[in-house]
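Fold and geometry: a report
Here is how the chains run, residue by residue.
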Amino acid sequence: MKLSKYIISTSLNDGEEGADAQRIIYSCISNVTVVVSESIFHHLVNGCIDRVDNGIRKELEHVSILVPPERDELAAILDGNDLYHDNFSLFINTSAACRSGCNSCTPKQGNESMGDPVREALAHYTENQLSSEKYKAFNVIWNVGDPARDLPAIAHLSDSNCMLADRYAVLYTAAMICDGAYLHKEIFETLFYRCNIKNYHVALDGGGNGQPSNAHLVIGNIVDILNSFPFLPQEGIIFEIRININTFSQEAVVDIIDKLAAAHTQNRVTFQFGMTEDGQTDAEVLAEYEIEYVLYAIQQGFILGILPARTFTACAAVDKGAAAVDLQGNLFSCNALPAATAAIIGANTLGNLLEGQPFRSHDTQFRNWLHEIKNGDTDCYTCNLLPVCGGGCRLKWAEGQSGCPAFKYNMEDRLILSYLNQKTRMNELIIEA
Amino acid sequence: MLIFIQIAAYRDFLLGSTLRDLLEKAGRPDNLRITICHQYHPDDVFNAELDVYRADSRFNIIDVPYNESGGLCWARNLIQQQYKGEEYTLQVDSHMRFIRNWDTVLIDMLLSLQQQGYPKPVLTTYPPHFDPAGFEYKDVPPNQIVFREFDRSGVFPIGWPAQIPDWETLTGPVPARFLAGGFTFSIGAFCQEILDDPHLYFMGEEINLAVRAYTHGYDLFHPHINITWHYYSRRESPKHWDDHAATEAVEIHAMDRLRKFFESGQHSSYYDWGVYGLGNVRSLSDYEHYAGILLCKKQVQQYTLKHLPPPNPHVYHTQEEWQESFCCCVNNVLRIPRRVFVKDDYDAATITFVANQQEVYQRSLDANDIAGMLHSQTDDCMLDISFSCSHLPDTWCLSLHSASGGWDRKVRGRMPYFVAGLGNFAIKKCHVL
């Protein structure tokens, strides 16, 4: 056996006097974390696997920290990624009236909505895809500004989607990205119960570009919604709040978390910490702040994903079964594409729904991402995080930026946090003062 | 009178001994027609035990390499395709023991039910446990299947074995709500009318069969004497999900199908059920009245919770009154970290259960209850909880009182089924090796 290259490890100082030095090892393949002594870790990294106790060796093999010596791990990961094409995913932009101000958003700012011809063409496109019987699941992400204004379009298309999912016996799930400032409970009721949209990603912006912060409106709406409906335990986390931390002060971020904690929303709300996509996002800077906010949110009882899971496709851009649709019926492989250069757009546009078939699917530049990685054309070729990031943001790589996710720069901290969380069950228990 | 015996075996070292016992204990072994879906691993040495039956005209052995198996429901469906018009059918697991003359006893029971006016009876139950290492044949009380709770994904009701009360006075089978996949005996036509749904995986198969059987005009009964024994747990045997990747995704699809199946009783959809849908002799609502279980609303009647035999009495003047007789049911074990109990003189506690921030149940604990919790040898203290309520709680809140310090700070935690549904948000176990 050999030590897998797809591991992350860090020293663990448990704080107990006289305790042997220990190390946490995380397998990016099995997503299992183990703690071993430093001496065992020393044997592992130096190839002295036979000096490791047989029982521990077997366990490490079981969780893919030790792998057969002849295994080409990169090929195994990429082959595994290539198998997952039984999901049909649509990223649907129904309007261009979001006031969040994130520059990468396809709709930009405007008062347009998806018209009937595009809606009808989209329904036909969806049926064509599902009737091919290639897919076992159908996922929709609604990218919406004002959900009230777009409700008729969303309801109409949702009815069609649910009908098609039943007809072709595929699992249907739907989520929404929206401006939470307009997500009133009456609108939510229709979206959640009739349109089957069970998860909401709401971006909070601290203001700027001449617009005030929407935080207080969003928080008010979310609390109102959570107090108004009898959610089932199995409905789990409903709201993911993305806080663009470069638009808020540290105190303001903490205040947002505190307000939602005080309203006892910990079972239904989680957080994602990011930065506005203004071309100057620095993942390393984000990583530094992110881990502090993650820890704070967990201490307030919120549930946050700490360690990334095995990712078979980085995003829709590289997923052959996915497409983003804009108001004009253009099909893109990436929702942020319209903000890119003309050359990148041209290489990755799939077609236009109003112009009919055929649509490009497999031969766009981004869709060949796995081959590019396999050929060593990217840093991902040697990166130990590939199984859990899938190669990151393909668009950023194309634009000459690093496409690595923020967790690349704080994985060791995340390992420690995960270990502490498991030991103390921080986000399972809330001990009131 | 031939009996079509269906046995789906997955890498089971007890298959050979089960077949020997089946044949030795049969009153008329020549009337048995046994079809086995033998899902095997080439390295399993016990495979050879089947060789003695390969030339036996009573046996039809379908060999399937383990990696080609589609799971339990798939295997059972495959077996049912082999039905050739036998008068009776028995479906059992591959790890069983039988009473002497089990076949004639079952046939006599079925005939007596038909004489009582049940043309399509089904005899079924969760048999008592046996230990293969030291099994003694002796008379034991018969079991019934009682309602325990809805599963952690909140889709289907879970049945549990319990001794039939006053079984010594019984002279015939008792009506049943549930069906056991591991022991079902009926007329042969059952194999054609109630085919196992291959789109289900494992969980939920039995309630699906029970509802379909009932709506197709079958009547479910528990035998009033014990017929078989079943080996539960089986930790030493590999399961299908141990050998196959991505079974979690398969299970999610199966649960979606099961949920749609229950909803099909309330409204029509484009979902094509083929031969796997509801029957037209009785409705889903008829089953819900009979069993006292609302399959879509996940609620049960107190009569059902008390394990009283169906059909549930209908003493309601209106449909609304009948609906209001149902409640949610919690039957679980809370694991509360030991570190919460900071004092050693706790004498009382209250634990409150909350659904969407509304209290739905409260229980008081005395010093003995607390001592019982602390008695656990693990890092967690265990508390058995069982109650009915209007809404399923997502959170519990524990207040502890000590003689020395009065009331402690409150501790809030999440219900186990809520935590189980967190997916990638769940606390990842960190194994210390």
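Scroll up for the structure.
Conventions adopted
Residues numbered from 1 in each chain as written. Chains lettered and ligands numbered in written order. Predicted model: local features only at pLDDT ≥ 70, side-chain atom pairs only at ≥ 80, totals over all residues. Heavy atoms only, no water. Helix = DSSP H or I, 4+ residues; strand = E, 2+ residues; numbered from the N terminus. Buried < 20%, exposed > 50% of the residue type's maximum accessible area, 1.4 Å probe, protein only. Contact = heavy atoms within 4.5 Å. Areas by Shrake-Rupley, 256 points an atom, 1.4 Å probe, with all protein chains shown as cover. Buried area = accessible area lost by both parts, 1.4 Å probe. Salt bridge = Lys/Arg side-chain N within 4 Å of Asp/Glu carboxyl O. Nonpolar A, V, L, I, M, F, W, Y, C, P; charged D, E, K, R; others polar. Pairing = 2+ DSSP bridges. Phe/Tyr/Trp six-rings, centres within 6.5 Å; stacked < 30°, edge-to-face > 60°. Lys NZ or Arg CZ within 6 Å of the ring centre and 35° of its normal.

A word on the overall build of chain A. Summing up its helical and strand segments, chain A has 14 helices and 15 strands in all. Classification of the 433 residues of chain A by burial places 54% in the buried group. Summarising the internal contacts of chain A: among those between residues at least 6 apart in sequence, 70% fall at separations of at least 24. Here chain A has roughly 17,800 Å² of accessible surface; of this, 49% comes from carbon and sulfur atoms.

Our next topic: the interface of chain B and chain A. Taken together, the contact between chain B and chain A spans 45 residues of the former and 52 residues of the latter. A buried area of about 4,400 Å², summed over both sides, lies between chain B and chain A, and 57% of it is on carbon and sulfur atoms. In this structure, the connection of chain B to chain A is made through two salt bridges. The salt bridge involving Arg-268 of chain A is made with Asp-394 of chain B; its shortest N-O contact spans 3.7 Å. Counting only elements with at least two residues in the side of chain B that touches chain A, the list comes to α7 (247-263), β15 (326-337), β19 (395-402), β21 (411-414), α12 (416-420) and β22 (430-432) of chain B. The residue makeup of the side of chain B that touches chain A, split by class, is 19 nonpolar, 11 polar and 15 charged. As paired elements, strand β4 (residues 33-37) of chain A and β22 of chain B share three bridges and run parallel to each other. From the neighbouring strand, Val-34 of chain A faces β22 of chain B, where its bridge partner is His-431 of chain B.

It is worth spelling out unusual backbone geometry at this point. For the bond running from Pro-310 of chain B to Pro-311 of chain B, omega is 0 degrees, close enough to zero to count as cis. Within the secondary structure, Pro-311 of chain B sits in the loop between α9 (302-305) and α10 (319-324). One non-glycine residue, Asn-31 of chain A, lies in positive phi territory at about 60 degrees. Within the element layout of this structure, Asn-31 of chain A appears in the loop between β3 (22-27) and β4. Despite not being glycine, Lys-298 of chain B has its phi angle at roughly 60 degrees, a positive value. Taking relative accessible area as the criterion, Lys-298 of chain B reaches 18% and is therefore assigned buried.

This part is about the packing of aromatic side chains. For the structure on display, the rule yields 42 aromatic pairs over all chains. Each residue in the set Phe-188, Phe-192, Tyr-193, Tyr-200, Phe-229, Phe-231 and Phe-239 of chain A is aromatic and connected to the rest through ring pairs, giving one cluster. Sitting above the plane of the Phe-192 of chain A ring, Lys-198 of chain A keeps its charged end 4.0 Å from the centroid. Positioned over the ring face of Tyr-66 of chain B is Arg-11 of chain B, at 5.6 Å from the centre of the ring.

This is a description of form; function is not addressed.
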